[in-house]
Amino acid sequence: MNQRQLGKEKEELACGFLRDKGYEIIACNYWCRGAELDIVAKDGEYLVFVEVKYRKDHSCGGSRYAVSPNKMRKIIQCARTYLYREGVSTDTPMRFDVIAIEGKKIWHFVHAFDADGWS
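Definitions and cut-offs
- Residues numbered from 1 in each chain as written.
- Predicted model: local features only at pLDDT ≥ 70, side-chain atom pairs only at ≥ 80, totals over all residues.
- Heavy atoms only, no water.
- Pairing = 2+ DSSP bridges.
- Helix = DSSP H or I, 4+ residues; strand = E, 2+ residues; numbered from the N terminus.
- Axes fitted to C-alpha atoms, helices over the stretch in contact; angles between N-to-C directions.
- Salt bridge = Lys/Arg side-chain N within 4 Å of Asp/Glu carboxyl O.
- Buried < 20%, exposed > 50% of the residue type's maximum accessible area, 1.4 Å probe, protein only.
- Core = buried A, V, L, I, M, F, W, Y, C linked by side-chain atoms within 4.5 Å.
- Lys, Arg positive; Asp, Glu negative; His and termini not counted.
- Polar contact = N/O pair within 3.5 Å; in protein donor to acceptor, adjacent residues only side chain to side chain.
- Contact = heavy atoms within 4.5 Å.

On to the pairing of strand β5 (residues 105–113). Along any regular strand the residues' side chains alternate between the sheet's two faces. Examined bridge by bridge, strand β4 (residues 94–102) and β5 share 6 bridges and lie antiparallel to one another. When the bridges of β5 are listed, Phe96 appears paired with Phe113. The hairpin formed by β4 and β5 contains 2 residues between the paired strands, and Gly103 there has a positive phi angle of roughly 60°.

With that out of the way, let us pick up the sheet that holds strand β1 (residues 24–32). Taken together, 5 strands build an open sheet; the order of strands is β1-β2-β3-β4-β5 and the sheet is mixed. Looking at strand neighbours, the two that pair on one side only are β1 and β5, the edges of this open sheet. Neighbour to neighbour, the strand axes of the sheet diverge by 30° on average, direction disregarded. The sheet contact formed by strand β3 (residues 46–55) and β4 spans 9 bridges and is parallel.

A few words on the pattern of salt bridges. Side chains that differ in sign of charge can pair as their charged atoms come close. Counted according to the given criterion, the structure contains 6 salt bridges. Taking the shortest distance from any N to any O, the salt bridge between Glu51 and Lys71 comes out at 3.8 Å. Residue Glu51 is found in strand β3, and its partner Lys71 is found in helix α2 (residues 69–86); the two are separated by 20 residues along the sequence. Its salt-bridge partner being Arg95, residue Asp97 comes within 2.8 Å of it at the nearest N-O pair. This pair shows no difference in class: Asp97 is buried, exactly as Arg95 is. One connected set of salt bridges, linked through shared partners, spans Asp43, Arg95 and Asp97.

The biggest cluster of nonpolar side chains holds 19 residues, and the ones touching the most others in it are Leu37, Val40, Phe49, Tyr82, Phe96 and Phe113. If you list the elements that add at least two residues to this core, you get β1, β2 (35–43), β3, α2 and β4. No other element matches the 7 residues that α2 contributes to this core.

Relative to the assigned elements, Glu36 resides in strand β2. Despite its burial, Glu36 pairs with no opposite charge; the closest candidate is Lys71, at 6.0 Å N-O. Reaching out from Glu36, the side chain makes a polar contact with the side chain of Asn29 at a distance of 2.4 Å. In contact with Glu36, other than residues within four places in its own chain, are Glu11, Asn29, Tyr30, Trp31, Glu51 and Cys78.

Most of β3 is tucked away: 7 of the 10 residues are buried. Here 5 bridges tie β2 to β3, and the two strands are oriented antiparallel to one another. In the sheet register, Val40 faces β3, and the bridge partner there is Phe49.

This is the structure in structure tokens:
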């Protein structure tokens, strides 16, 4: 299985995990210049941008620590593009979550980071 197939498999696993928690999946693999939103979902009133990270084990700090400041900046920029393209009001409550998958374990970090201070 190549990296793209593995990533798709883990993103589908994350979507199922979120659906089981009552989230509505709006989009997967939303592309904009230089970045991608793995999952866009609704959790009650919140629009949630979810980054999915997978590692086969916890070496190198594991998947929980794999979202770098540069990656956060790209996700935030892509989320802004999503809001603009889709006509979503900037007054809509939103947050950035991370789903970390290591082997068969899944962690969901709600509000893992925010857009404050990022341009």
